[in-house]
Amino acid sequence: MSTSKKWISGLCAALWAGLMPPVAHASKAGEAEVLHFWTSGGEAKSVEELKTLLAQRGYTWKDFVVVGGAGGNAMVTLKQRVADGKPPAAATLKGPAIQEWAAQSKLNDLDVMAQFDKWDDKLPKVIVDLMKYKGHYVAVPINIHRVNWLWSNNAVLKKAGVAAPPKTLDEFFAAADKVKAAGFVPLAHGDQDWQDFTVFEAVAMAVGGPGFFDKALLQQDKAALGSEPMRKVLETYRRMKSYTDAGASGRDWNVATDMVIKGKAAFQIMGDWAKGEFLVANQKPGVEFSCTVSPGTGGSFLFVVDSLVMFQLKLWESQKAQGFLAYQLMQPVFQEQFNLRKGSIPANTKVPLDKFDSCAQTSGKDFLAAAKDATLLPSIAHGMALSSAQQAALKAVVTEFWQDDKMSVADAQAKLVALTNPAPTNAKK
Ligand code: GAL
């Protein structure tokens, strides 16, 4: 039997297994090795949910963890493992990376599962398109993260005399001055290019709006990159840095979040995986912390969708485990329990949000509104747009500018304009 035919019958068997009641001792069931990078407190708690679900049916989850927020390191390791002929059963992938792997014919086609489980009816169109390669499902989406959030420590704001989290950039800088004067760090930040770009995206959206974001950053239009709004973005971005502390070197994103949790810092601009950290620390939105849209970006939604792909494997037991995993990932019970911990909202829109907190409910409402008026945009910081090469080139300029205080705004802007716009790596070879 050809690999794909075997895979399809494995998928059917897995479907059958998925519909059967949990087995008491199915230790002979297959193992699924899953590559991921979810190691922070909140992330690890979310992964536990999935391990438990699999264990109920006797499947074993084997961790293949590559440390490093946003998954950049994981992608490097994945390439090596596949090149060595030892792909994992599944891996977390985002955005165009899904297409890049599918174009190399390394991923399993999930259409049988998708048709059976009616994925087209359960997922927003924008997500369906991201999960397919040439019209076929090759990835399962497990959530929707929003990137443009501001996390605030309510007690610090009170001590600094800031009445409410800032809604505009002007309000942000005024609040940050007060926080600084009160002896706290205004903006918690760490030391990875994607952290720098997360703040950069939020500033670009605030200063230029969604149309500018699309033209300058997603389309990499040279006129937009060289325009006055982009100069202002860079100037504002540099101003943001003056509100961070000197100890950011080597700091992970969750360590920066911890500064807000512990009341050392007032704010962090970070995606809603940060909420997972507040929850693990037993803090609640509206009580110890606030989640508000990052200053000046109300109405826009920068999104990330975490998804899993299944690599082509030969062993029948492994294929069954993969099929079962793919099936479970879309089930409401998993999407609810995982996302309650992860800080995101379910990708499966059939899952009600009534068990979710106010941050997630805002996210759900804003996602739908943004999808209607074209203000829903993919995050470059988190790999949802552009080829890997384009993302890397943009991030390198932005991080150099963030780190080198001597680099002028004009020099940084000239570097952005000079980017060569390499062809997407998923282009036909
Ligand atoms: C994002 C990813 C999230 C989250 C975060 C920090 O790119 O989509 O799932 O874990 O990085 O690692």
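For the structure itself, consult the block above.
Just so it is clear, the model here is predicted, and its values are computed rather than measured. (Residues numbered from 1 in each chain as written. Predicted model: local features only at pLDDT ≥ 70, side-chain atom pairs only at ≥ 80, totals over all residues. Heavy atoms only, no water.)

**Here we look at the state of the cysteines**
Next, step 1: What the rule picks out here adds up to 1 disulfide.
Next, step 2: Residue pairing for Cys291: its cysteine sulfur links by disulfide to Cys359, the two sulfurs lying 2.2 Å apart. Judged by the torsion about the S-S bond (-100°), the Cys291/Cys359 disulfide is left-handed. Remark: Cys359 occurs in helix H17 (residues 358-372) and Cys291 occurs in strand E11 (residues 289-293); sequence separation between them is 68 residues. (Disulfide = S-S within 2.5 Å. Helix = DSSP H or I, 4+ residues; strand = E, 2+ residues; numbered from the N terminus.)

**Concerning the site of the ligand**
Next, step 1: Near the ligand you find 13 residues, and of these Glu43, Lys94, Asp306, Lys342 and His382 are the closest.
Next, step 2: Within the contact set of the ligand, an oxygen atom lies 3.1 Å away from a side-chain nitrogen or oxygen of Trp38.
Next, step 3: At a separation of 2.7 Å, an oxygen atom of the ligand approaches a polar side-chain atom of His382. (Near = heavy atom within 4 Å. Polar contact = N/O pair within 3.5 Å; in protein donor to acceptor, adjacent residues only side chain to side chain.)

**A closer look at helix H4 (residues 96-103)**
Note that an α-helix has 3.6 residues per turn; residues three or four places apart therefore point the same way.
Next, step 1: Burial analysis of H4 places 7 of its 8 residues in the buried class, the great majority of the element.
Next, step 2: Listing the buried residues of H4 in full gives Pro96, Ala97, Ile98, Gln99, Glu100, Trp101 and Ala102.
Next, step 3: A positive phi of about 55° marks Ser105, the residue just after H4. (Buried < 20%, exposed > 50% of the residue type's maximum accessible area, 1.4 Å probe, protein only.)

**What to know about the nonpolar core**
One recurring pattern in soluble globular proteins is that nonpolar side chains are buried together.
Next, step 1: In this structure, Leu217, Met230, Met240 and Leu325 are the most contacted members of the largest nonpolar core, which totals 140 residues.
Next, step 2: Ranked by residues supplied to this core, first place goes to helix H10 (residues 193-218) with 14 residues. (Core = buried A, V, L, I, M, F, W, Y, C linked by side-chain atoms within 4.5 Å.)

**A closer look at the pattern of salt bridges**
Pairing between side chains becomes possible if they bear opposite charge and their charged atoms approach one another.
Next, step 1: Scanning the entire structure with this criterion turns up 18 salt bridges.
Next, step 2: We note a salt bridge from Lys125 to Asp129, for which the minimum N-O separation is 2.7 Å. Highlighted residues: Lys125 and Asp129, both in helix H7 (residues 125-131), separated by 4 residues, approximately one helical turn.
Next, step 3: The exposure class of Lys125 is exposed, given its relative accessible area of 59%.
Next, step 4: Across the salt bridge formed by Arg231 and Glu235, the nearest N and O atoms sit 2.5 Å from each other. Residue Arg231 and its partner Glu235 are both found in helix H12 (residues 228-241); the two are separated by 4 residues, about one turn of the helix. (Salt bridge = Lys/Arg side-chain N within 4 Å of Asp/Glu carboxyl O.)

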